[in-house]
Amino acid sequence: MPALIVPEGLVCGVDEAGRGPLAGPVVAAAVILDPSRPIDGLNDSKKLSEKKRAALAVDIREKALAWCVAEASVEEIDTLNILHATMLAMTRAVAGLQVSPERAMVDGNRCPKLAIPAEAVVKGDGKIASIAAASILAKTVRDSGMLELHRTYPQYGFDRHMGYPTAAHFAALETHGASPVHRKSFGPVARQLSLL
């Protein structure tokens, strides 16, 4: 695997987790890495095991110059739409950094409106170290939150699919209807609500 790029200067990497699920918030993270404290094993969070992500998340929190995780709620997703809610979560994550970055590098093909210059990097979580770090924090925080929601709504199996549209999730929706944490603006949930 080629080494990830560590940009010079105070650059924050930004990424999100949870755009595709039918339930739960969308979570974004912003990370400014410390070049003097490199973190081994950073990669796109989807390419790492759950155990590896958890270990790296601890490393990132300890070694980064600054990090922040923020979210947009189910209500905000339903009001704004998932794209705008994702941008809102990213804006909140960058605004929450304890160190002011000079610029941002954002995973994907578009950037939120920020007070600093921002660059979109397609597949950035596999190319830029700080974006990979942000993807790991966003994913681990979102998964942890979905496990909390599972305790409240065990009938949906959030602990297994994290709210993503799996066959088991569709079956649970059909049996139990939508919960308060389901995204009512998403087609499968909206269709379920219209059947009730």
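Before reading further, recall that the structure is shown in the block above.
Residues numbered from 1 in each chain as written. Predicted model: local features only at pLDDT ≥ 70, side-chain atom pairs only at ≥ 80, totals over all residues. Heavy atoms only, no water.

Draft legend 1. Here's a closer look at empty space enclosed by the protein. Per the stated rule, a full pass over the model turns up 1 cavity of 30 Å³ or more. What the largest cavity holds in volume is close to 70 Å³. When its residues are assigned to classes, the lining of the largest cavity shows 7 nonpolar, 2 polar and 1 charged. (1 Å grid on protein atoms, 1.4 Å probe; cavity = no way out; pocket = protein on both sides within 12 Å on 5 of 7 lines; lining within 4 Å. Points joined across faces, edges and corners; volume = space filled by probe spheres on them. Nonpolar A, V, L, I, M, F, W, Y, C, P; charged D, E, K, R; others polar.)

Draft legend 2. Looking closely at the nonpolar core. Core analysis: the largest hydrophobic core is formed by 27 residues, its most contacted members being Cys-12, Val-14, Val-26, Val-94 and Leu-97. Among the elements of the structure, strand E1 (11-17), strand E2 (26-32), strand E3 (66-72), helix H3 (82-95) and strand E4 (103-107) are those that each provide at least two residues to this core. With 8 residues, the top contributor of residues to this core is H3. With residues near it in sequence (within four places) discarded, Leu-97 still touches Cys-12, Ala-30, Ile-32, Ala-66, Trp-67 and Cys-68. Formed by 20 residues, the second largest nonpolar core is a distinct cluster that contains Ile-39, Leu-42, Leu-56 and Ile-136. (Core = buried A, V, L, I, M, F, W, Y, C linked by side-chain atoms within 4.5 Å. Buried < 20%, exposed > 50% of the residue type's maximum accessible area, 1.4 Å probe, protein only. Helix = DSSP H or I, 4+ residues; strand = E, 2+ residues; numbered from the N terminus. Contact = heavy atoms within 4.5 Å.)

Draft legend 3. Layout of the packing of helix H1 (residues 50-63) against helix H4 (residues 129-152). The N-to-C vectors of H1 and H4 enclose an angle of 115 degrees; their axes lie 9 Å apart at closest approach. In this structure, H1 crosses over H4, and the sense of that crossing is left-handed. Counted together, Arg-53, Ala-54, Leu-56, Ala-57, Ile-60 and Arg-61 of H1 and Ala-133, Ile-136, Leu-137, Lys-139, Thr-140, Val-141 and Asp-143 of H4 form the full contact between these two elements. (Axes fitted to C-alpha atoms, helices over the stretch in contact; angles between N-to-C directions. Left-handed = near helix turned anticlockwise from the far one by under 90°.)

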